[in-house]
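Coordinates in review
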Amino acid sequence: GEELPVLVGLCEVENKAVVERLVRGTALKSADYGVAHHDSPDERGVDVGLLFDQDIFQLVRSEALKVPLGDDRTRDILHAELRSRGHTFHVFVNHWPSRREGQEKSEPKRMAAARVLKSAVEGLPVSEDHHVIIMGDFNDTPLDRSIQEGLGAGCALDNDHRLVDLMCLDQPQGHGSHQYN
């Protein structure tokens, strides 16, 4: 489109220097993007990052949420707290463990990531001027256990779900913006 997005979540990022080159040396340089990034313990050396339009948002703080997997390692969850026009936005960028080991062996790892994220969200204030945005590669669909049970996100805002999974709104089952192979 004609306008660049105000928030961009990035997965498979090598390091902060690469992200800064992306925003300063490509077509993205026309926006005044700030960068939130932390190095993760992932064995492949990939992280997540967040670009935010500094004309709209001010970065209050950012942190890396560790996902405990015993002897295994995965990417941290990036939590950035942004302010804009009297509102606080808690943005979480995720890249949960893959399914390459198979569903049975890998699902507990994604459940661990979901529990870390859910705990962080439950610790946030609930008010009309506090907003939560969760984005990234979950390596699961809206109907999988990690999203439904682990994170507690549902397809509608109701008494059981504080989080609404926008991937499943107005989508026939089996459709969405995820693709594998």
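Residues numbered from 1 in each chain as written. Predicted model: local features only at pLDDT ≥ 70, side-chain atom pairs only at ≥ 80, totals over all residues. Heavy atoms only, no water.

1. A few points about the overall build of the protein
- Within the protein, the regular secondary structure consists of three helices and nine strands.
- Going from the N terminus to the C terminus, the protein shows its helices and strands as β-α-β-β-β-β-β-α-β-α-β-β.
- Evaluated residue by residue, the protein yields a buried proportion of 40% over its 181 residues.
- Intrachain contacts of the protein at a sequence separation of at least 6 include 57% that bridge at least 24 residues. (Helix = DSSP H or I, 4+ residues; strand = E, 2+ residues; numbered from the N terminus. Buried < 20%, exposed > 50% of the residue type's maximum accessible area, 1.4 Å probe, protein only. Contact = heavy atoms within 4.5 Å.)

2. Some remarks on helix H2 (residues 103–122)
- Helix length check: H2 (20 residues) gives 27 Å between terminal C-alpha atoms against 28 Å at 1.5 Å per residue, within 8%.
- Looking at H2, one finds that the buried residues are Ser106, Glu107, Lys109, Arg110, Met111, Ala112, Ala113, Ala114, Val116, Leu117 and Val121. (Expected span 1.5 Å × (residues − 1).)

3. Quick word on the pairing of strand E3 (residues 47–53)
- The element E3 is largely enclosed, with a buried count of seven among its seven residues.
- Going residue by residue along E3, you find Asp47, Gly49, Leu51 and Asp53 tucked away on one face and Val48, Leu50 and Phe52 tucked away on the opposite face as well.
- Where strand E1 (residues 7–13) meets E3, five bridges bridge the pair, whose relative direction is antiparallel. Its bridge partner lying in E3, Leu7 is registered against Phe52.
- Strand direction decides the pairing type here: strand E2 (residues 33–37) and E3, joined by five bridges, are antiparallel. Following the sheet pairing, Ala36 is matched in E3 by Leu50. (Pairing = 2+ DSSP bridges.)

4. Considering the side chain of Asp47
- Mapped onto the secondary structure, Asp47 falls in strand E3.
- No salt bridge is formed by the buried Asp47; the nearest opposite charge belongs to Arg75, separated by 7.9 Å.
- There is a polar contact of 2.9 Å between the side chain of Asp47 and the backbone nitrogen of Ser40.
- Contacts of Asp47, omitting those with residues within four sequence positions, involve Leu10, Cys11, Glu12, Val13, Glu14, Asn15, His37, His38, Asp39, Ser40 and Arg75. (Lys, Arg positive; Asp, Glu negative; His and termini not counted. Salt bridge = Lys/Arg side-chain N within 4 Å of Asp/Glu carboxyl O. Polar contact = N/O pair within 3.5 Å; in protein donor to acceptor, adjacent residues only side chain to side chain.)

5. Concerning the packing of aromatic side chains
- Overall, the coordinates contain two aromatic pairs when judged by the stated rule.
- With a centroid separation of 5.5 Å and an interplanar angle of 85 degrees, the aromatic rings of Phe57 and Phe89 are classed as edge-to-face. Here Phe57, found in the loop between E3 and strand E4 (58–65), pairs with Phe89, found in strand E6 (residues 87–95); they are 32 residues apart in sequence, far enough to count as distant.
- For Phe89, a relative accessible area of 17% gives the class buried. (Phe/Tyr/Trp six-rings, centres within 6.5 Å; stacked < 30°, edge-to-face > 60°.)

6. Description of the sheet that holds E3
- Strand order in the open sheet made by the three strands is E1-E3-E2, with antiparallel pairing throughout. Both edges of this open sheet fall to E1 and E2, since each of them pairs with a single strand only. When the angles between neighbouring strand axes are averaged without regard to direction, this sheet yields 25 degrees.
- Along the sheet face, helix H1 (residues 16–25) touches E1, E2 and E3 and points at about 165 degrees away from the line of E2. (Axes fitted to C-alpha atoms, helices over the stretch in contact; angles between N-to-C directions.)

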